[in-house]
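Here's the letter readout for the chains.
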Amino acid sequence: EAGVTQFPSHSVIEKGQTVTLRCDPISGHDNLYWYRRVMGKEIKFLLHFVKESKQDESGMPNNRFLAERTGGTYSTLKVQPAELEDSGVYFCASSQYGALTDTQYFGPGTRLTVL
Amino acid sequence: AQSVTQLDSHVSVSEGTPVLLRCNYSSSYSPSLFWYVQHPNKGLQLLLKYTSAATLVKGINGFEAEFKKSETSFHLTKPSAHMSDAAEYFCVVTSDSGGYNKLIFGAGTRLAVHP
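This structure is a prediction, so every number in the text was calculated from the model and none was measured.

### Observations regarding the nonpolar core
With 26 residues, the main nonpolar core has B:Trp35, B:Leu48, B:Phe74, B:Leu76 and B:Tyr89 as its most contacted residues. Residues A:Leu32, A:Trp34, A:Met60 and A:Val114 belong to the second largest nonpolar core, which totals 21 residues.

What follows is the structure, encoded as C-alpha cells:
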C-alpha cells in the first residue's frame, strides 16, 4: 500500500511568488491534514479536511494560504504571495476515521525556502 | 488547552546503552499520545501510540513508553541504543477540537548515538 506522498520535495522561490504544494493521501483515507514546521519551532497544525470539506482551518496563518481538496482525493496548499516567514517544512498526513484514537500517517514533507 | 513538553532538546548516548526521552503533557481530558520519529531527510514515522488501553506501550524497533497519568508523563525508552536510532523524536498529544484528531507536537528531541 502506498503511503502519503507529497510534491515537490523541495521548492525555492522568491518573495512575492506563488507556490503550490500537493499531497496525495493513502487511498481510502477521508481525513487529510496539513502541518508545518518553521525553523526552530514546533510542528504546528494548519488545517483538516474530511473528504472535500474543511473541518478545521484554525491553524492557517493568514489569507495568503489557500488549501483545497477537490473531489476528496489529493489536496493542494497554495501560498500567494509567499513571504520570508513562510519558509519551513510542510507536512501532510492522512487518517481513515479522524477519531481521537486514529493514527495519522505522514508524508515526507515539502521543504519550502522563500528568498 | 492541551500542550506537550519535551524536557530535553538533545540527548546523546553511547551505542548499547539505554535511551530515555522525556515527555510531559497537559490535557483537560484523557488524550491519545504518540511518539513519532524523523530520520534525516525522511518523513515522520509512528513509533507507538497510547489510546487508554495498556499503560505500557510497545512500539517498533524495541522502543516502549509508559503512560503515567499521575505524573502526566509519557517517556520513551529503549534498553539498548543502536546507531540507526539517531534521529529526531516527537512526543504528540491529541487535541479535542470538536471530537476530531488535531495533533499537538512537542518541540522534538534530537537523539545522537555514539560508537
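### Observations regarding the state of the cysteines
Considering all chains together, one arrives at two disulfides over all chains under this definition. At a sulfur-sulfur separation of 1.8 Å, the disulfide partner of A:Cys23 is A:Cys92. One quick way to see it: the torsion about the S-S bond of A:Cys23 and A:Cys92 is about -65°, and its sign makes the bridge left-handed. One end of the pair, A:Cys23, is in strand 3 (residues 19–24); the other, A:Cys92, is in strand 9 (residues 88–95), with 69 residues separating them in the sequence. The two residues A:Cys23 and A:Cys92 agree in class, both being buried. Each sulfur of the disulfide joining B:Cys23 and B:Cys91 lies 2.0 Å from the other. Residues B:Cys23 and B:Cys91 share a disulfide whose torsion about the S-S bond is about -70°; that sign makes it left-handed. You can see B:Cys23 sitting in strand 4 (residues 23–26) and its partner B:Cys91 sitting in strand 10 (residues 87–97), a full 68 residues away along the chain. Assigned by exposure class, B:Cys23 and B:Cys91 land together as buried.

### Some words on the interface of chain B and chain A
Each partner contributes residues to the interface: chain B has 25 residues there, and chain A has 23 residues. In this assembly, chain B packs against chain A so that about 1,900 Å² is buried in total across both faces, 56% of it on carbon and sulfur atoms. Note that A:Asp56 is salt-bridged to B:Lys102, the shortest N-O span being 3.7 Å. Our count for the chain B to chain A interface comes out at six residue pairs in polar contact (both at pLDDT 80 or more). Broken down by secondary-structure element, the contributors of at least two residues to the side of chain B that touches chain A are strand 5 (33–38), strand 6 (44–50), strand 10 and strand 11 (100–105) of chain B. Top contributing element to the side of chain B that touches chain A by residue count: strand 10 of chain B, with six residues. Here the residues of the side of chain B that touches chain A are counted per class, giving ten nonpolar, ten polar and five charged.

What counts as what
- Residues numbered from 1 in each chain as written.
- Chains lettered and ligands numbered in written order.
- Predicted model: local features only at pLDDT ≥ 70, side-chain atom pairs only at ≥ 80, totals over all residues.
- Heavy atoms only, no water.
- Core = buried A, V, L, I, M, F, W, Y, C linked by side-chain atoms within 4.5 Å.
- Buried < 20%, exposed > 50% of the residue type's maximum accessible area, 1.4 Å probe, protein only.
- Disulfide = S-S within 2.5 Å.
- Helix = DSSP H or I, 4+ residues; strand = E, 2+ residues; numbered from the N terminus.
- Contact = heavy atoms within 4.5 Å.
- Buried area = accessible area lost by both parts, 1.4 Å probe.
- Salt bridge = Lys/Arg side-chain N within 4 Å of Asp/Glu carboxyl O.
- Polar contact = N/O pair within 3.5 Å; in protein donor to acceptor, adjacent residues only side chain to side chain.
- Nonpolar A, V, L, I, M, F, W, Y, C, P; charged D, E, K, R; others polar.

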